[in-house]
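One-letter residues, chain by chain:
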Amino acid sequence: MKMEFGFYINGAVMHECKLCLSSVQKLKDPHIIPRSTHKFVKDQSGRNIRFVLPDIKLQLDNQSDLKEYMLCEACELKFSKFENIGITSLKKVWNNYSVKKGYAFSSNEVIDISCLIHSIFWRASVSQLLSNFKLPIEQENLLQTSLNNGDAIQLPNLAIKISLLSNLKLDGYNNQLIISPWREKYVANIYASYFSFYGLLITMFDPGCLSPNHEVGVYLDTTQQSGKVNLADNYEIEIMAGILARMKKQAQ
Ligand SMILES: [Zn+2]
């Protein structure tokens with residue numbers, strides 16, 4: 001599962017960090033989907049049994065998580081700064097969502113959640129393992145610059161929507177499932193990127209997907225430091241049903 005490619009400078013094998021592009025002797029192999037998320041979907045013997053990759057065949061019912069050498073030490077540290085709060089915040093939505101009130105993130109969670117989600121899409125896009133998932137190059141570049149500088153991406157760029165899937169009634173579906181990033185047509189010729197964990201459908205919109213006022217309140221808004229989660233709408237349930245059906249067919 002591990003891959004590392006190197007080149008030589010003065011006889012020493014060097015590797016390029018995919019985020020800051022500096023050359024280092026040793027790269028770190030961060031999880032593409034954070035480690036604690038894998039832990040949440042494993043069985044008692046530690047096998048990844050509820051982890052699926054759309055449109056790609058990789059043997060995953062084993063103990064190795066999806067990780068790949070791509071970052072220098074300093075850049076791995078940049079990611080760890082937002083990862084803990086981001087994961088803790090997203091993980092608690094499933095159990096704390098109220099039909100009456102919905103679910104709102106607190107203002108100090110929003111930037112970390114946004115950076116975490118953007119970083120997962122970026123990691124997946126630059127990874128060799130998930131070669132089926134590739135963002136348009138302008139998006140990959142914007143993510144790389146922002147994550148490298150430690151800046152949250154502002155709306156309307158790469159807007160994020162988070163929907164709860166507790167209303168998804170499908171065989172074997174619960175919040176203990178990871179679906180790694182995939183892209184799907186949103187409207188006409190415009191695509192959006194998706195992944196799912198902790199019972200949430202995370203959407204990152206390509207430019208052009210949003211209405212002019214981009215429905216602030218539904219989306220994670222880093223300028224206002226606000227964001228809320230709604231129950232998945234019919235369209236999103238349909239997308240999930242489609243991807244799960246596709247994967248079931250592939251597994252046969
Ligand atoms: Zn780096």
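The structure this text deals with has already been given above.
Residues numbered from 1 in each chain as written. Predicted model: local features only at pLDDT ≥ 70, side-chain atom pairs only at ≥ 80, totals over all residues.

(A) Region of the structure containing the overall build of the protein. Along the backbone of the protein there are six helices and eleven strands. For the protein, with 252 residues in total, the buried portion stands at 38%. Residue pairs at least 24 apart in sequence account for 69% of intrachain contacts in the protein once pairs closer than 6 positions are excluded. (Helix = DSSP H or I, 4+ residues; strand = E, 2+ residues; numbered from the N terminus. Buried ≥ 20, exposed ≤ 12 C-beta atoms within 10 Å, placed from the backbone. Contact = placed C-beta atoms within 7 Å.)

(B) Molecular detail of the packing of helix H2 (residues 73-91) against helix H4 (residues 107-126). Closest axis-to-axis distance for the H2/H4 pair is 8 Å, and the angle between their directions is 105°. When the axis of H2 is compared with that of H4, the two are roughly perpendicular. Counted together, Phe79, Phe82, Glu83, Ile85, Gly86, Ile87, Ser89 and Leu90 of H2 and Glu109, Asp112, Ile113, Cys115, Leu116 and Ser119 of H4 form the full contact between these two elements. Here the residues of the contact of H2 with H4 sort into eight nonpolar, three polar and three charged. (Axes fitted to C-alpha atoms, helices over the stretch in contact; angles between N-to-C directions. Parallel < 35°, antiparallel > 145°, perpendicular 65-115°, else oblique. Nonpolar A, V, L, I, M, F, W, Y, C, P; charged D, E, K, R; others polar.)

(C) Geometry of the environment of Ser22. Of note, Ser22 is situated in the loop between strand E2 (12-16) and strand E3 (23-24). Judged by the 12 C-beta atoms lying within 10 Å of it, Ser22 falls in the exposed class. Sequence spacing of Ser22 and Leu71 is 49 residues, and the spatial spacing of their C-alpha atoms is 9.5 Å. Beyond its immediate chain neighbours, meaning those up to four positions away, Ser22 contacts Cys17 and Cys72.

(D) Highlighting the nonpolar core. With 61 residues, the main nonpolar core has Ile117, Ile120, Phe121, Ile160, Leu200 and Ile202 as its most contacted residues. The greatest single-element share of this core, amounting to ten residues, is contributed by H4. (Core = buried A, V, L, I, M, F, W, Y, C linked by C-beta atoms within 7 Å.)

(E) Here's a closer look at H2. Helix length check: H2, at 19 residues, gives a terminal C-alpha distance of 27 Å against a target of 27 Å (1.5 Å per residue), a fit within 8%. Residues of H2 that are buried include every one of Cys75, Phe79, Phe82, Glu83, Gly86, Ile87, Ser89 and Leu90, and no others. (Expected span 1.5 Å × (residues − 1).)

(F) Representation of the packing of H4 against helix H5 (residues 137-149). In the contact formed by H4 and H5, the axes pass within 10 Å of each other and the chain directions differ by 125°. The angle between H4 and H5 falls in the class oblique. By crossing handedness, the relation of H4 to H5 is classed as left-handed. Between H4, through Cys115, His118, Ser119, Phe121, Trp122, Ser125 and Val126, and H5, the contact on the second element is made entirely by Glu140, Leu143, Gln144 and Leu147. Looking at the contact of H4 with H5 residue by residue, the classes come out as six nonpolar, four polar and one charged. (Left-handed = near helix turned anticlockwise from the far one by under 90°.)

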